[in-house]
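Residue-level listing of the chains:
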Amino acid sequence: MPLHLQQNIGPKTKLYVWRIEETFEDLFDEIHLTDWNVIRVHSMKSEQHQRGFLSVRKLFEAAGYTDFDVTYDKTGKPHLPDGHHISISHSHGFSAIIVSDVTVGIDLELMRDKIVRIADKFTSEEEETYLDRNSEDYVSKLTVIWGVKEAIFKIRNEIGISFKDHITTFTFDINSGQASARLDFENVHRHFDVKFQYVEDHMLVYAFETTDANAL
Ligand SMILES: CC(C)(COP(=O)(O)OP(=O)(O)OC[C@H]1O[C@@H](n2cnc3c(N)ncnc32)[C@H](O)[C@@H]1OP(=O)(O)O)[C@@H](O)C(=O)NCCC(=O)NCCS
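Just so you know, the residues in each chain are numbered from 1, in the order the chain's sequence is written. Local features in a predicted model are, by the rule used here, given only for residues with pLDDT of at least 70; side-chain atom pairs are given and counted only at 80 or more, and totals for whole chains, interfaces and linings are based on all residues. To obtain the side-chain values, all non-hydrogen atoms of the structure were included, while hydrogens and water were left out.

Peer 1: A description of the sheet that holds strand S9 (residues 178–185) should follow, citing residues and the corresponding values.
Peer 2: A strand pair is defined by DSSP finding two or more bridges across the two strands. Each helix corresponds to a stretch of at least 4 residues labelled H or I by DSSP, and each strand to a stretch of at least 2 residues labelled E; elements are numbered beginning at the N terminus. The sheet built from 5 strands is open, its strands ordered S7-S11-S10-S9-S8 with antiparallel pairing. In this open sheet, the two edge strands, each paired with only one partner strand, are strand S7 (104–110) and strand S8 (167–169). Averaged over all adjacent pairs, the angle separating strand axes in this sheet is 25°, with direction ignored. Of the strand pairs in this sheet, S9 and strand S10 (residues 188–199) are connected by 8 bridges, and their pairing is antiparallel. Residue pairing in the sheet places Ala181 in a bridge with Phe192 of S10. Each axis is a line fitted through C-alpha atoms, and for a helix only the stretch in contact is used; angles between axes span 0 to 180 degrees, taken between their N-to-C directions.

Dropping the structure here:
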């Protein structure tokens, strides 16, 4: 039912967003889950998490996959059997997946003022030079920066990455929908292109390695 957005990012990269309106029961009845995921969904503590998880299975269907196609490694990172890359995020009223020929990471975040209270935990020195606490787009920018770091973490998936110390987002215009970022971690230096867009009261952010930009 509510596939909110289906967008080609490039010939080989597709973005799907679901607006979660269904009840847990409706979603559960509509989706054929692996035995493992039946156990997993019933062990989730909140109904919101359950609905997010199940709505992602609706997005798998939209992308031509089923729950049986998607496997998780021991870190929790999802994988597809056909060589495509997938990244998943769910938050409150929406869920999103991105499927690509190249490694991508996605994050969906409800925009909330309370992010200001934890800003110093995840913003880098460089980000602090351009962030303006008095600006009306401060919360939006912080939410983008948070999303950038989650998305890059999902791509790299390395234990020990610190959002504050190892990932920095270069200065960006909140109206541009794009930014770039750098990861410096244990002698690895990588650049990422980032795109972001509002999904109602959420911020959707996805990232891919700059070297992959032509392969999207
Ligand atoms: C794993 C993590 C990225 C998940 O992000 P989140 O905002 O909690 O939740 P999201 O809904 O955006 O993403 C969850 C999805 O990410 C995917 N995921 C989980 N672990 C992953 C990993 N190690 N690598 C890539 N993707 C992962 C899964 O698909 C998961 O959804 P599913 O299990 O329902 O399929 C996050 O919890 C995390 O560990 N971040 C890094 C730790 C950190 O440094 N935190 C902040 C420091 S200030």
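Peer 1: Can you break down the site of the ligand residue by residue, with the values?
Peer 2: Nearness is defined per residue: one heavy atom within 4 Å of the molecule or strand is enough. For the ligand, the set of nearby residues contains 17 residues, the closest of which are Arg40, Tyr72, Ser89, His90 and Asn157. In protein, a polar contact means a hydrogen-donor-capable atom and an acceptor-capable atom, both N or O and within 3.5 Å, with residues adjacent in sequence counting only if both atoms are side-chain atoms; elsewhere, any N or O pair within 3.5 Å suffices. Contacts to the ligand include Gly76, whose backbone N or O atom sits 3.3 Å from a nitrogen atom. One nitrogen or oxygen atom from the side chain of Asp107 is found 3.0 Å from an oxygen atom belonging to the ligand. Across the complex, the protein chains shield 72% of the 930 Å² of accessible surface that the ligand would expose by itself. Those elements giving two or more residues to the shell around the ligand turn out to be strand S5 (85–91) and helix H6 (138–156). Here the shell around the ligand gets 4 residues from one element, more than from any other, and that element is H6. Classifying every residue of the shell around the ligand by side-chain character gives 7 nonpolar, 5 polar and 5 charged. Both domains that meet at the shell around the ligand, namely domain 1 (3–101) and domain 2 (110–215), each give it at least three residues. Working definition of accessibility: Shrake-Rupley area with a 1.4 Å probe, residue cover restricted to the visible protein chains. The classification used treats Ala, Val, Leu, Ile, Met, Phe, Trp, Tyr, Cys and Pro as nonpolar, Asp, Glu, Lys and Arg as charged, and all other residues, Gly among them, as polar. Segmentation into domains, and thus their bounds, comes from an automatic or database assignment.

Peer 1: How would you explain H6 if you had to name every residue and give the values?
Peer 2: Each full turn of the α-helix corresponds to 3.6 residues, which orients residues three or four apart in the same direction. Spanning 19 residues, H6 covers 27 Å between terminal C-alpha atoms, matching the ideal 27 Å at 1.5 Å per step. Counting buried positions along H6 yields 17 of 19 residues, so the element is predominantly enclosed. Among the residues trailing H6, Asn157 stands out with phi positive, at a value near 55°. Expected span, for any helix, means 1.5 Å times one less than how many residues it has. We call a residue buried when its accessible area falls under 20% of the maximum for its residue type, exposed when it is over 50%, and partly exposed in between, using a 1.4 Å probe and counting protein chains only.

Peer 1: Could you give an account of a negative patch on the surface, naming the residues involved and the relevant values?
Peer 2: Where like charges cluster on the molecular surface, the negative patch consists of Glu25, Asp26, Asp29 and Glu47. In terms of residues, the negative patch owes the most to one element, helix H1 (residues 24–30), which gives 3 residues. By the secondary structure assignment, Glu25 is in helix H1. Patch membership requires more than 30% relative accessible area and the absence of a salt bridge. Residues of like charge join within 9 Å; the nonpolar side chains Val, Leu, Ile, Met, Phe, Trp and Tyr join within 5 Å. The salt bridge definition used is simple: a Lys or Arg side-chain nitrogen within 4 Å of an Asp or Glu carboxyl oxygen. We score Asp and Glu as negative and Lys and Arg as positive, and we do not count His or the chain ends. For charged residues, the charge sits on one atom: NZ in Lys, CZ in Arg, CG in Asp, CD in Glu.

Peer 1: Give a description of the domain arrangement of the protein that names residues and reports values.
Peer 2: As far as domains go, the protein holds domain 1 (3–101) and domain 2 (110–215). The distance between the C-alpha centroids of domain 1 and domain 2 comes to 23 Å. By definition in these notes, contact holds between two residues if any of their heavy atoms fall within 4.5 Å. Counting from both sides, the interface comprises 21 residues of domain 1 and, opposite them, 13 residues of domain 2. Between domain 1 and domain 2, the buried area comes to about 1200 Å², and carbon and sulfur atoms account for 55% of it. Summed over both partners, the accessible area lost on bringing two parts together, with a 1.4 Å probe, is the buried area. A per-residue breakdown of the area domain 1 buries against domain 2 is headed by Lys77, His92 and Phe94, which together make up 32% of the total. In this assembly, domain 1 and domain 2 are joined by 1 salt bridge. One can count 7 residue pairs in polar contact (both at pLDDT 80 or more) joining domain 1 with domain 2. Listing elements by their share of the side of domain 1 that touches domain 2, those giving two or more residues are strand S1 (3–10), strand S2 (13–19), S5 and strand S6 (94–100). Within the side of domain 1 that touches domain 2, the residues separate by chemical class into 8 nonpolar, 8 polar and 5 charged.

Peer 1: Mind laying out helix H3 (residues 47–62), listing which residues take part and the relevant values?
Peer 2: Taking 1.5 Å per residue as the helical rise, H3 with its 16 residues ought to reach 22 Å, and the 23 Å between its terminal C-alpha atoms agrees with that figure. Three or more residues of H3 are buried, namely Gln50, Gly52, Phe53, Leu54, Ser55, Val56, Arg57, Lys58, Leu59 and Phe60. Gly64 sits one or two positions beyond H3 and adopts a positive phi of about 90°.

Peer 1: Go over the environment of Asp120 with me, naming the residues and quoting the values.
Peer 2: Along the polypeptide, Asp120 turns up in helix H4 (residues 119–122). On the basis of relative accessibility, which here comes to 45%, the residue Asp120 falls in the partly exposed class. Spatially, the C-alpha atom of Asp120 lies 14 Å from that of Tyr130, the residues being 10 residues apart in sequence.

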